[in-house]
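Summary of the model geometry
Chain by chain, the residues:
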Amino acid sequence: MNVEEMLRRTLTERAGDVSEGAAIDRAGRAREEARVMRVRRYAGAAVSLAAVAAVATGVVASGVLRADPPPEPAPQPARAIEVVDSFAGRTLIASGETHDGEPLFLAVDAPAGSQWRVTCAGVGPEYVVHRAIDDRFEETAPCGPLEVLGESMDFRWSSTEPAGTGLELAVWITLDGEAVQPDGAILAAAVYEMPAPVTTVAGSDIAPLEVSLGQEWAYLDSVSSRPGRRVLTQQFAATDEEVLLELVTDPVGTPAVVELLVDGRAVGSPPTFPLGGTSSGDLLAPGEPHTVTLRIVGDVPPDAVLAIVRRTRA
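Given the structure is predicted, the values throughout are model-derived calculations rather than measurements.

**Remarks on the pattern of salt bridges**
In this structure the tally under the stated criterion is nine salt bridges. Put simply, Arg-295 and Glu-259 hold a salt bridge, and the shortest N to O gap is 3.0 Å. Residue Arg-295 is found in strand E20 (residues 290-297), and its partner Glu-259 is found in strand E17 (residues 257-262); the two are separated by 36 residues along the sequence. The class for Glu-259 is buried, based on a relative accessible area of 18%. In the salt-bridge network here, residues are joined through shared partners; they are Arg-90, Arg-156 and Glu-210.

So, in structure tokens, the structure goes:
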């Protein structure tokens, strides 16, 4: 079942006194509904202009021209999750937010190299947030209490992937596999254009700046393994300030995990992370040299690559 079918069925079930034939195909008609709204506004303006022209030409011959005041727009809830226009070299492309679990649909013209951030907040982890782009690339994550953009999902398309115009991001909530709209639930999404990478390691673009531990960190250097190696070890000279480790591994989709050792001791919480993707947040203390090791636990894919990126405070 694709996104449109799932949401159509759920909205029909929850429609109450609305007939099944009147159920709205939200994913397929989102842009059409926006077009209809523009047409209606234009038609209203044409009627007003016609009335003014009638007065000017004497067609309205008597009395006072009476026009009912236009209806006030329905109040919109204030945005609950902060979305900044830019950060760490990223620039906002599009964003949206819904309340009380209403599915979120966002049209995006994404250039090559983009970061997508999704949050489901206000309800417990028994609720699951789903994300799909043009009915593909579906991913799920538990909802949570934190109203922080990207808390549920934060993913990127690399600079080597083609740009996409008119992409439709769909975000919705399920409970026990059924699409729901729980009271108090907030859905938010934002898409950012990424800056040009400084390098590419282990299949991932490395941005000039990253945000971690509440600060921006600038690229310092990186080292990577040859494909198929289980272990990558690198000795780093002493520095005058703390250094942030960004750990990049490839490929995704295997059961293998990776552990991090600094000066021979396992560090990190949890102590391992899945092979494939990026992990950051571990710090190297200043004033002394350090030996950093990444090790794959489990079967080693023949195309596995391990990389260590170092960053300093921007």
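**Overview of the environment of Gly-276**
By secondary structure assignment, the location of Gly-276 is in the loop between strand E18 (265-274) and strand E19 (277-284). Residues Gly-276 and Val-258 lie 18 residues apart in sequence; the distance between their C-alpha atoms is 9.1 Å. The residues contacting Gly-276, other than those within four sequence positions of it, are Thr-249, Asp-250, Pro-251 and Val-252.

**Digging into the packing of aromatic side chains**
For the coordinates displayed, the defined rule picks out four aromatic pairs. Taking 5.2 Å as the distance between ring centres and 45° as the angle between the ring planes, the aromatic pair formed by Trp-116 and Trp-157 counts as tilted. Of the two residues, Trp-116 sits in strand E4 (residues 114-121) while Trp-157 sits in strand E7 (residues 153-157), which places them 41 residues apart along the sequence. Accessibility expressed as a relative area gives 17% for Trp-157, which makes it buried. Between Phe-137 and Trp-157, the ring centres sit 5.6 Å apart and the planes meet at 65°, which makes this aromatic pair edge-to-face. Here the residue Phe-137 occupies a position in strand E6 (residues 136-142), and Trp-157 occupies one in strand E7, the gap between them amounting to 20 residues. In this structure Phe-137 comes out as partly exposed when scored by relative accessible area, which is 42%.

**Quick notes on the side chain of His-290**
Residue position: His-290 is located in strand E20. A relative accessible area of 8% means that His-290 is categorised as buried. Only 3.4 Å separates the side chain of His-290 from the backbone oxygen of Glu-288, close enough to count as a polar contact. Each residue touching His-290, except ones within four places of it in the same chain, is listed here: Gln-234, Gln-235, Phe-236, Val-262, Asp-263, Leu-284 and Ala-285.

**Overview of unusual backbone geometry**
Glycine aside, negative phi is the norm for most residues, and most peptide bonds take the trans geometry. Cis peptide bonds are those with omega within 30 degrees of zero, and the linkage from Asp-250 to Pro-251 qualifies with 5°. Note that Pro-251 resides in the loop between strand E16 (243-250) and E17. Here Asp-263, not a glycine, exhibits a phi torsion of approximately 55°, which is positive. Looking at the secondary structure, you find Asp-263 in the loop between E17 and E18. On the basis of relative accessible area, Asp-263 is assigned to the partly exposed category, the value being 39%.

**Structural notes on the pairing of E16**
The buried count for E16 comes to seven of eight residues, which makes it a mostly enclosed element. Bridging between E16 and E19 involves seven bridges; their strand directions are antiparallel. In the sheet register, Thr-249 faces E19, and the bridge partner there is Gly-277. Relative to strand E21 (residues 305-313), E16 runs antiparallel, the two sharing seven bridges. Paired with Leu-244 across the strands is Arg-311, a residue of E21.

**Points about the sheet that holds E4**
Read from one edge of the open sheet, five strands run E1-E2-E10-E4-E7, paired in antiparallel fashion. Looking at the sheet topology across the chains shown, the edges are occupied by strand E1 (86-87) and E7. Bridging between E4 and strand E10 (residues 186-193) involves eight bridges; their strand directions are antiparallel. Across the sheet, the residue bridging to Val-118 is Ala-189, located in E10.

The rules we used
Within any chain, residue numbers begin from 1 and follow the written order of that chain's sequence. With the structure being a predicted model, the display of local features is reserved for residues of pLDDT at least 70 and the display and counting of side-chain atom pairs for 80 or more, all residues being used for whole-chain, interface and lining totals. Water and hydrogen atoms play no part in the side-chain values, which are based on all heavy atoms of the structure. Whenever a carboxyl oxygen of Asp or Glu lies within 4 Å of a side-chain nitrogen of Lys or Arg, that contact is scored as a salt bridge. Per the convention used, a helix needs a DSSP run of H or I reaching at least four residues, while a strand needs a run of E reaching at least two, with both numbered from the N terminus. Categorising residues by exposure relies on relative accessible area from a 1.4 Å probe, with only protein chains included: less than 20% of the type maximum marks a residue as buried, more than 50% marks it as exposed, and the intermediate range marks it as partly exposed. Should any heavy atoms of two residues lie within 4.5 Å, those residues are considered in contact. Two aromatic rings, drawn from Phe, Tyr or Trp (for Trp, its six-membered ring), form a pair once their centres lie within 6.5 Å of each other, and the interplanar angle then sorts them: stacked below 30 degrees, edge-to-face above 60, tilted otherwise. Identification of polar contacts relies on pairs of N or O atoms within 3.5 Å, with a donor-acceptor requirement for protein atoms, meaning one able to donate a hydrogen and the other able to accept it, and with residues adjacent in sequence counted only if both atoms are side-chain atoms. Two strands pair if DSSP finds at least two bridges between them.

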